[in-house]
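Summary of the model geometry
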Amino acid sequence: MFNEVDSSSVQFLGGITEHPVGVATELQGLHLKLGATENRPFAYKKPNCTEDHIRCWEGITPDIVAEFAREMNFTYEYVEPMDGEYGYLDRETDQWNGMIGDMIEGKTDMITMDLSVSFERKTHIDFSVAFMDSGISLVIKGESSKSNSFFFLSPFELVVWFMITAGFVVMSLIQNLFNKMSPYGEYGQRVHAMQTCKCGRCAIRRRAKIEQNIKLRDHRNVECMIALAADERRDEMSFYNALFLNAAGFVGHGAESMPKSPSGRLILLTWWFFVLLIICMYTATLTAFITLDRIGITIDNAKQLLQQHKYSWGMLNNSFVVALLRNNIDPDYKKIVDGAQKMPNMSESVRRVKQGGFVLIDETPLISYDLMGACDMFYIGGEIQTFDYAFGLPKSSPTSPCLTHKSSSCESRATLTGYGRNTTAHPIINLVTATRLAVALL
């Protein structure tokens, strides 16, 4: 048989002593204690604020809470954790610290911060509808490399330049040879003229060739071409002219001397097509090389941190990023966590990354905000892992359905994300969107 309990001594959610009936469908008239801690741009206090406690808070999440309070008609106050942390599970004691620990212990009714959603946290608390998506990114300061007067040779290896030069010379020799072998060339025209000319000098020359048993083709029905051969000698496809013609192809121009034979023209078209491919590859590679050379970054993804000794890296101590990467199924991410320097706060992390030679691993919105306007900062690869930001609620809280319904309603009206669209007040959401677009293009 159960002992009767005096319900008048029981304090329910919101500080009320009356026994709640059914499932809460509204928060009207309740006074909620909301867990919060300063973390720009999501929530922070005005400096030297003398106003009401609630009015001293600014940021994305205080604006969302104010909208909820206005529409759902409840009052609230902010309760900061003693350690100023969001919440980290101590594996040895199996206890949560920070805002999550306070809410589990009943000190607060809800966490209204950019609380990252994870499986580990879901086993101990509930979450509202997500109001923003996020991820883990790596950022580093770019370094200007040393000046190189021959930077234009960098896109190709030395052996490639040698092969291009060799091909250039060989093609010039082939064109000159084809010109001499073809009856359409200057040499062929002279031979044809010698075989058909009626003058005494040509007759003596033909007689000498016959005596030497050298066969001459019969061109008796063809008109003498001595004058034509003499006039077109200046257009001879000599080796010098062939070199100039092939070189002009690199800048998209031709030359006065052009091959007259079909075989010579086919060889020239083949060379021009080869030059077109070389120019396309050279231009693309040079553009990328100049960009990367200016940045001076030698790694392009997180796992390459384990394969180099040039850069050190770090992340905030006991942060959500540490817990998320440590629990990743990829063992390389655990090695990254073990080899990372644990930074005491974000200010020190920003100072280290601005000094250079240091890779900061943290949540994308926080990096985007703290390094806003730093043009020499660059993201490495894409986001390692993505997750959502949401408000935290006690497990099986009776107000969860009410808050979830209101969050969904606000989300459908773009109330939640709308706070980030005013770039003057909250530029972080637009900045994160631009950052992700830039990372995707890379």
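Remember, predicted model here, so these are calculated numbers, not experimental data.

Right, let's talk about the environment of lysine 310 for a bit. Within the secondary structure layout, lysine 310 lies in the loop between helix H9 (262–295) and strand S10 (312–316). On the basis of relative accessibility, which here comes to 46%, the residue lysine 310 falls in the partly exposed class. Considering only alpha carbons, one finds lysine 310 and isoleucine 299, eleven residues apart in sequence, at a separation of 9.8 Å. Reaching out from lysine 310, the side chain makes a polar contact with the side chain of tyrosine 311 at a distance of 3.4 Å.

Below, the discussion takes up helix H8 (residues 239–248). Among all positions in H8, only Asn241, Ala242, Leu245, Asn246 and Ala248 are buried. Viewed end-on, H8 has its buried residues packed into an arc of 160°, placing them on one side of the element.

The subject of this paragraph is a nonpolar patch on the surface. Taken together, Phe150, Phe151, Phe152 and Leu153 make up a surface patch of nonpolar side chains, about 370 Å² in accessible area. Locating phenylalanine 151 in the fold gives a position in the loop between strand S9 (132–141) and helix H4 (158–181).

By size, the foremost hydrophobic cluster in this structure holds 74 residues, and its most contacted members are Met315, Leu325, Val359 and Ile361. Looking at this core, the element that brings in the most residues is helix H1 (residues 60–72), giving six residues. Setting aside chain neighbours within four positions, we find isoleucine 361 in contact with Ile136, Ser137, Leu138, Leu305, Trp313, Gly314, Met315, Val321, Leu325 and Ile336. Formed by five residues, the second largest nonpolar core is a distinct cluster that contains Met171, Ile267, Trp271 and Val275.

A few words on unusual backbone geometry. Backbone torsion omega between arginine 40 and proline 41 reads 5°, so that peptide bond is classified as cis. Locating proline 41 in the fold gives a position in the loop between strand S1 (31–35) and strand S2 (44–45). Even without being a glycine, asparagine 48 presents a positive backbone phi close to 55°. Structurally, asparagine 48 can be placed in the loop between S2 and strand S3 (57–58). Classification of asparagine 48 as exposed rests on a relative accessible area of 79%. One non-glycine residue, aspartate 94, adopts positive backbone phi at about 55°. Along the chain, the position of aspartate 94 falls in the loop between strand S5 (89–90) and strand S6 (95–96).

Moving on, we come to the side chain of serine 134. With respect to the helices and strands, serine 134 occurs in strand S9. A polar side-chain atom of serine 134 sits 3.3 Å from a polar atom in the side chain of tyrosine 389.

Looking now at the packing of aromatic side chains. In total, this model carries 15 aromatic pairs according to the counting rule given. Here the aromatic cluster, defined as three or more aromatic residues joined through ring pairs, consists of Phe42, Phe68, Phe131, Phe320, Phe387, Tyr389 and Phe391. Between lysine 303 and the ring centre of tyrosine 333, over which it is positioned, the NZ or CZ distance is 5.8 Å. Between the NZ or CZ atom of arginine 352 and the centre of the ring of phenylalanine 358, over which it lies, the distance is 4.4 Å.

Attention now moves to H4. Between its first and last C-alpha atoms H4 spans 35 Å; for 24 residues at 1.5 Å apiece the expected length is 34 Å, and the two agree. For H4, the set of buried residues is Ile164, Phe168, Met171, Ser172, Gln175, Asn176 and Asn179.

In this section: the confidence of the model for the chain. The predicted model of the chain averages 77 in pLDDT, with 71% of residues at 70 or higher. Note that residues 216–232 has pLDDT below 50 and, in this model, 24 contacts with residues that lie over four places away or in other chains. Every residue in residues 412–442 scores below 50 in pLDDT, and together they form 51 contacts with partners more than four places removed in sequence or on other chains.

Turning next to the packing of H4 against H8. The interhelical angle for the contact between H4 and H8, taken along N-to-C directions, is 130°, at an axis separation of 8 Å. Taken together, the axes of H4 and H8 lie oblique to each other. Once H4 is placed against H8, the crossing between them reads as right-handed. Across the interface between the two elements, Phe168, Val169, Met171, Ser172, Leu173, Gln175 and Asn176 from H4 touch Phe239, Ala242, Leu243, Leu245, Asn246 and Ala247 from H8.

Let us now look at the pairing of S1. Pairing analysis gives five bridges linking S1 to strand S4 (residues 75–79), with the strands arranged parallel. Residue pairing across strands places leucine 34 opposite tyrosine 78, the latter belonging to S4. Here two bridges tie S1 to strand S7 (residues 110–116), and the two strands are oriented parallel to one another. Within the sheet, the bridge partner assigned to leucine 34 lies in S7 and is methionine 110.

What counts and what doesn't
Residues numbered from 1 in each chain as written. Predicted model: local features only at pLDDT ≥ 70, side-chain atom pairs only at ≥ 80, totals over all residues. Heavy atoms only, no water. Helix = DSSP H or I, 4+ residues; strand = E, 2+ residues; numbered from the N terminus. Buried < 20%, exposed > 50% of the residue type's maximum accessible area, 1.4 Å probe, protein only. Polar contact = N/O pair within 3.5 Å; in protein donor to acceptor, adjacent residues only side chain to side chain. Arc of directions from axis to C-beta. Patch = residues over 30% accessible without salt bridge, like charges linked within 9 Å, V, L, I, M, F, W, Y side chains within 5 Å. Areas by Shrake-Rupley, 256 points an atom, 1.4 Å probe, with all protein chains shown as cover. Salt bridge = Lys/Arg side-chain N within 4 Å of Asp/Glu carboxyl O. Core = buried A, V, L, I, M, F, W, Y, C linked by side-chain atoms within 4.5 Å. Contact = heavy atoms within 4.5 Å. Phe/Tyr/Trp six-rings, centres within 6.5 Å; stacked < 30°, edge-to-face > 60°. Lys NZ or Arg CZ within 6 Å of the ring centre and 35° of its normal. Expected span 1.5 Å × (residues − 1). pLDDT = per-residue confidence, 0-100. Axes fitted to C-alpha atoms, helices over the stretch in contact; angles between N-to-C directions. Parallel < 35°, antiparallel > 145°, perpendicular 65-115°, else oblique. Left-handed = near helix turned anticlockwise from the far one by under 90°. Pairing = 2+ DSSP bridges.

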